[in-house]
Amino acid sequence: GNKEKLRTKGFKLRSSFSKKKIEDLSFRITQNLIKNFNFNDKNVHLYYPINGKNEVNTWLLHEQIKHCST
């Protein structure tokens, strides 16, 4: 189906990125989330990146918001 085509396309695109590009994009994504959302006293569930899959580094967001709850 369409979902599988999108997943395949996304994986191919991520695979073409360098580690530096993934780091830069992960940082920008994290900064945009912190800027646009209030994480204070919220329960947040994250998927952590799988090594070798060039996924967004959500550990950056984890580190930013782990002290938001009281």
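Structure report, in brief. Source: prediction; values computed, not measured. Along each chain, the written sequence defines residue order, and numbers are assigned to residues from 1. Only residues with pLDDT of at least 70 get local features here, since the model is predicted, and only at 80 or more are side-chain atom pairs given and counted; chain-wide, interface and lining totals rely on the full set of residues. Side-chain measures here rest on the full set of heavy atoms in the structure, leaving out hydrogens and waters.

Not every positive phi belongs to a glycine, and Asp-41 is a case in point at roughly 55°. One non-glycine residue, Asn-54, lies in the positive phi region at around 55°. Note that Asn-54 resides in the loop between helix H2 (19-36) and helix H3 (59-65). Strands are runs of DSSP state E lasting at least 2 residues, helices are runs of H or I lasting at least 4, and numbering of each runs from the N terminus.

Moving on, we come to the packing of aromatic side chains. We call Phe, Tyr and Trp rings a pair once their centres come within 6.5 Å, taking the six-membered ring for Trp, and we label the pair stacked below 30 degrees between planes, edge-to-face above 60, and tilted otherwise. Overall, the coordinates contain two aromatic pairs when judged by the stated rule. Positioned above the aromatic ring of Phe-17, the side-chain terminus of Lys-21 is 6.0 Å from the ring centre. In this scheme, Lys NZ or Arg CZ marks a charge over a ring once it lies within 6 Å of the ring centre and within 35 degrees of the ring normal.

One speaks of a salt bridge when a side-chain nitrogen belonging to Lys or Arg is within 4 Å of a carboxyl oxygen belonging to Asp or Glu. For the coordinates displayed, the defined rule picks out two salt bridges. Across the salt bridge formed by Asp-24 and Lys-20, the nearest N and O atoms sit 3.0 Å from each other. Here Asp-24 and its partner Lys-20 are both found in helix H2, four residues apart, which amounts to about one turn of the helix. Under the scheme applied here, a residue whose accessible area is under 20% of the maximum for its type counts as buried, over 50% as exposed, and between as partly exposed, the area being computed with a 1.4 Å probe on protein chains only. On the basis of relative accessibility, which here comes to 34%, the residue Asp-24 falls in the partly exposed class. Note that Lys-66 is salt-bridged to Glu-63, the shortest N-O span being 3.0 Å. Under the relative-accessibility criterion, Lys-66 is labelled partly exposed at 41%.

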